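The residues making up each chain are set out below.
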Amino acid sequence: MSRCAKWSLFVVLLLVVGLSFAPAAVGVEDSRPRVVLMLDPELDDSNTLVRYLLYSNMFDTEGLVYTSSGVHWKGDGQGTPWFVPGREYDRFGLNLGPMPSWRWKEGEQFIHDAVEIYAEVYPNLKVHASGYPHPDELRSKIFFGNVEFDGDISRNTPGSNLIKTLLLDDDPRPVYLLTGAGHSTIGRALKAICEEFSHKPEWSEIYEKVSRKAIIQAWGDQDNVYANYIKPNWPDITYLNMSATIWGYSARRAVLPEDRHYLSAAWMRENVSRVGPFGEFYRVWGDGKQMVPGDIFDYFGFAGLNREQLTALGYVVWTDPQEAGSWISEGDTPIFMNLLDNGLRAHVDPTWGGWGGRAGEDMDPSGTLSRNHTAARWFGAAQRDFAARMRWTVTSQYEGANHNPIVEVLLPDALDIEARPGETVVLKGSAVDPDGDHITGRWWQYVEAGTYPNAVELTNLAEPKPAPVLTVPAKVVPGSPEIADVIESEIEVTYQFVVPQDAEDGQTLHFILEVQDNGTPSLTAYQRVVVTVVN
């Protein structure tokens, strides 16, 4: 195990960390994940924060922390110049040299602003789901981390002190360190622990405890701190690179054809940008806003200008302009998506996969293995879910909005089971819709998530039913006699399969129970059963 290493404040060229997944720790199943969310003032971080707050009932939020990255840092306010070769200001022909700060607005408080909007909509949110934290609780969790200089872990900050305290406390749950920016605040916390304990008798115990508790889920290594300090000195900490194209500025390259409309101006206006105060806060193309006034990389507020026109105005055009009102980016959203309590249990192992993607490749509709498809396959369901929660923010009555079906696995009697080759396994699930909407369900094999490489034959054991005569409305009143024979708001879904004879000891097969309602927007819920082969 490593001792503290000397750290140079000047880091070198950005090391692009590939998809490197260590074994994931398993959280306490009956507890919400314990989370510190770290963001910098990029517009996609701001959009990611909106989504996070709408799902904050699913998290035990320990901190909302401003932190720096290679493309955003505040400076020390004293005019001290800073320079890291290869950064934005040293590329694109800019050659700006040492800078006192970079793309950080004076008095930046986008996290504070988002939490104040949350306070406005909190009375409505708590009508629709339990567990939403009181706004005062979230206000108390806002901290500034290591924001002064890109990659600088030389000083303790309120944010790094928070992380240090969480990693050393007696709560046995993992601490998910979610960064959509750099790793400097995490790196400083770990360095402070190392400096305090590395020469004491209890160091081995402290090292093991921290390495076990800390789980870093990041959008890459945006300031080299992971490569240069954390990995060499804390190699046993679980580190997951959660970057996924479908959630970023390049989403249009990854989205499935049937899901393209979720990026359109029309869909965004109806479901996001014109829905309440969070909609106004959320960044879309051509909205006339900038995170930092005069930022030559943030031209997203312009409408109707092409690449050449924006370049003539002095902007560095690094992604093509899109339709006014359409999706820009939520690039850092995948850092928390696999922690959502949606039944997919994606947090258990990074190869299992969920709304944030997975460690591996999935077969896309063209028959090509694709890392993009591991997240893109869920994008439509995730966007509809987001739209529903946006609607919650402006709806004061439970009956006025849609809510997810409630799904339960009846057979087998556990979500993780063992079975022998040749054994027949029955998969039976039930679901009920709390709004009385019509629901449909199916079991399907997530082949790529399992280690048995082939598909099995799944047989639907349900008896065929005659097609309904009546047209089902989008919303119904449960128990209405005229629709009693048409609406199924409670269902059972039963399939079976035979464990293949060529399945080897220890191989796994993953099966997803997926239930969808016909509400507006249509919402999906899941449960996952994992079968391990034993010989």
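Residues numbered from 1 in each chain as written. Predicted model: local features only at pLDDT ≥ 70, side-chain atom pairs only at ≥ 80, totals over all residues. Heavy atoms only, no water.

Asks: With reference to specific residues and values, describe the overall build of the protein chain.
Replies: Secondary structure summary: the protein chain contains 14 helices and 16 strands in total. Across the protein chain, the fraction of contacts at a sequence separation of at least 24, relative to all contacts at a separation of at least 6, is 75%. (Helix = DSSP H or I, 4+ residues; strand = E, 2+ residues; numbered from the N terminus. Contact = heavy atoms within 4.5 Å.)

Asks: Can you break down the side chain of E62 residue by residue, with the values?
Replies: Tracing the backbone shows E62 in strand β2 (residues 60-66). In this structure the side chain of E62 is engaged in a polar contact, spanning 2.7 Å, whose partner is the side chain of R34. Once residues lying within four places of it in the same chain are set aside, the contact partners of E62 are R34, V35, V36, K141, F143, L162 and L166. (Polar contact = N/O pair within 3.5 Å; in protein donor to acceptor, adjacent residues only side chain to side chain.)

Asks: Explain the nonpolar core residue by residue, including any values.
Replies: Among the nonpolar cores identified, the biggest contains 84 residues, and L37, F59, I246, W247, F278 and W355 are the most heavily contacted of them. For this core, the leading source of residues is helix α2 (residues 110-128), giving nine residues. Among the nonpolar cores identified, the runner-up in size contains 30 residues, and L166, L190, Y207 and Y229 belong to it. (Core = buried A, V, L, I, M, F, W, Y, C linked by side-chain atoms within 4.5 Å. Buried < 20%, exposed > 50% of the residue type's maximum accessible area, 1.4 Å probe, protein only.)

Asks: Lay out the packing of aromatic side chains in plain terms, naming residues and giving numbers.
Replies: What the rule picks out here adds up to 37 aromatic pairs. With a centroid separation of 6.0 Å and 40° between ring planes, the pair formed by Y282 and F386 is classed as tilted. In this pair, Y282 is assigned in the loop between α10 (276-281) and α11 (307-312) and F386 in helix α14 (residues 379-392), connecting sequence segments 104 residues apart. You'll find Y282 and F386 in the same group, each marked buried. The ring of W378 has R377 sitting right over it, with the charged end atom 5.9 Å from the ring centre. In this arrangement the basic side chain of R377 is found over the ring face of Y446, its NZ or CZ atom lying 4.6 Å from the centre. (Phe/Tyr/Trp six-rings, centres within 6.5 Å; stacked < 30°, edge-to-face > 60°. Lys NZ or Arg CZ within 6 Å of the ring centre and 35° of its normal.)

Asks: Could you give me a rundown of the sheet that holds β2, with the residues and numbers involved?
Replies: Ordered by their spatial adjacency, six strands build an open sheet running β3-β2-β1-β4-β5-β6, and the pairing between neighbours is parallel. Strands with a single pairing partner mark the edges of an open sheet, and in this sheet they are β3 (142-144) and β6 (238-241). Averaged over all pairs of adjacent strands, the angle between strand axes in this sheet comes to 20°, irrespective of strand direction. When β2 meets β3, the two strands line up parallel, connected through three bridges. Looking at the pairing, L64 lines up with I142 of β3. The sheet contacts of helix α6 (residues 203-213) involve β1 (34-39), β4 (175-179), β5 (214-218) and β6, and relative to β5 the element is tilted by about 40°. (Pairing = 2+ DSSP bridges. Axes fitted to C-alpha atoms, helices over the stretch in contact; angles between N-to-C directions.)

Asks: Describe the layout of surface pockets, listing the residues and the values that go with them.
Replies: Taken as a whole, the second largest pocket spans an internal volume of roughly 900 Å³. Every residue lining the second largest pocket is counted, 40 residues in all, and those nearest its centre are M58, L340, D341, N342 and G343. Top element by residues in the lining of the second largest pocket is strand β16 (residues 524-533). It accounts for four residues. In terms of residue class, the lining of the second largest pocket is built from 19 nonpolar, 12 polar and nine charged. (1 Å grid on protein atoms, 1.4 Å probe; cavity = no way out; pocket = protein on both sides within 12 Å on 5 of 7 lines; lining within 4 Å. Points joined across faces, edges and corners; volume = space filled by probe spheres on them. Nonpolar A, V, L, I, M, F, W, Y, C, P; charged D, E, K, R; others polar.)

Asks: Go over a negative patch on the surface with me, naming the residues and quoting the values.
Replies: A cluster of acidic side chains, namely E202, E205, E208 and D236, defines a negative patch on the protein surface. Take E205: it is sitting in helix α6. (Patch = residues over 30% accessible without salt bridge, like charges linked within 9 Å, V, L, I, M, F, W, Y side chains within 5 Å. Areas by Shrake-Rupley, 256 points an atom, 1.4 Å probe, with all protein chains shown as cover. Salt bridge = Lys/Arg side-chain N within 4 Å of Asp/Glu carboxyl O. Lys, Arg positive; Asp, Glu negative; His and termini not counted. Charge placed at Lys NZ, Arg CZ, Asp CG, Glu CD.)

Asks: Just give me the short version of the sheet that holds strand β13 (residues 459-460), but keep the residues and values in it.
Replies: Two orientations exist for strands paired in a sheet by backbone hydrogen bonds: parallel and antiparallel. Strand order in this open sheet of four strands is β9-β11-β14-β13, and the pairing throughout is antiparallel. Bordering the open sheet on either side are β9 (406-411) and β13, each of which pairs with just one other strand.

Asks: Could you give an account of the packing of helix α1 (residues 43-54) against α14, with specific residues and numbers?
Replies: For the pair α1 and α14, the least separation of the axes is 10 Å and the interaxial angle reads 70°. The angle between α1 and α14 falls in the class roughly perpendicular. Contacts from V50, R51 and L54 of α1 reach α14 at A382, Q383, F386, R389 and M390. Classifying every residue of the contact of α1 with α14 by side-chain character gives five nonpolar, one polar and two charged. (Parallel < 35°, antiparallel > 145°, perpendicular 65-115°, else oblique.)

Asks: How would you sum up the pattern of salt bridges? Please name residues and give values.
Replies: Inspection of every chain in the model, using the stated rule, returns 30 salt bridges. A salt bridge links R34 to D169; the nearest nitrogen and oxygen atoms lie 2.4 Å apart. Of this pair, R34 sits in strand β1 while D169 sits in the loop between α4 (158-168) and β4, and the two are 135 residues apart along the sequence. You'll find R34 and D169 in the same group, each marked buried. The shortest N-O distance in the salt bridge between D298 and R283 comes to 3.6 Å. Within this pair, whereas D298 is found in the loop between α10 and α11, its partner R283 is found in the loop between α10 and α11, the two being separated by 15 residues in sequence. Take D298: its relative accessible area is 4%, and that puts it in the buried class. On the basis of relative accessible area, R283 is assigned to the buried category, the value being 2%.

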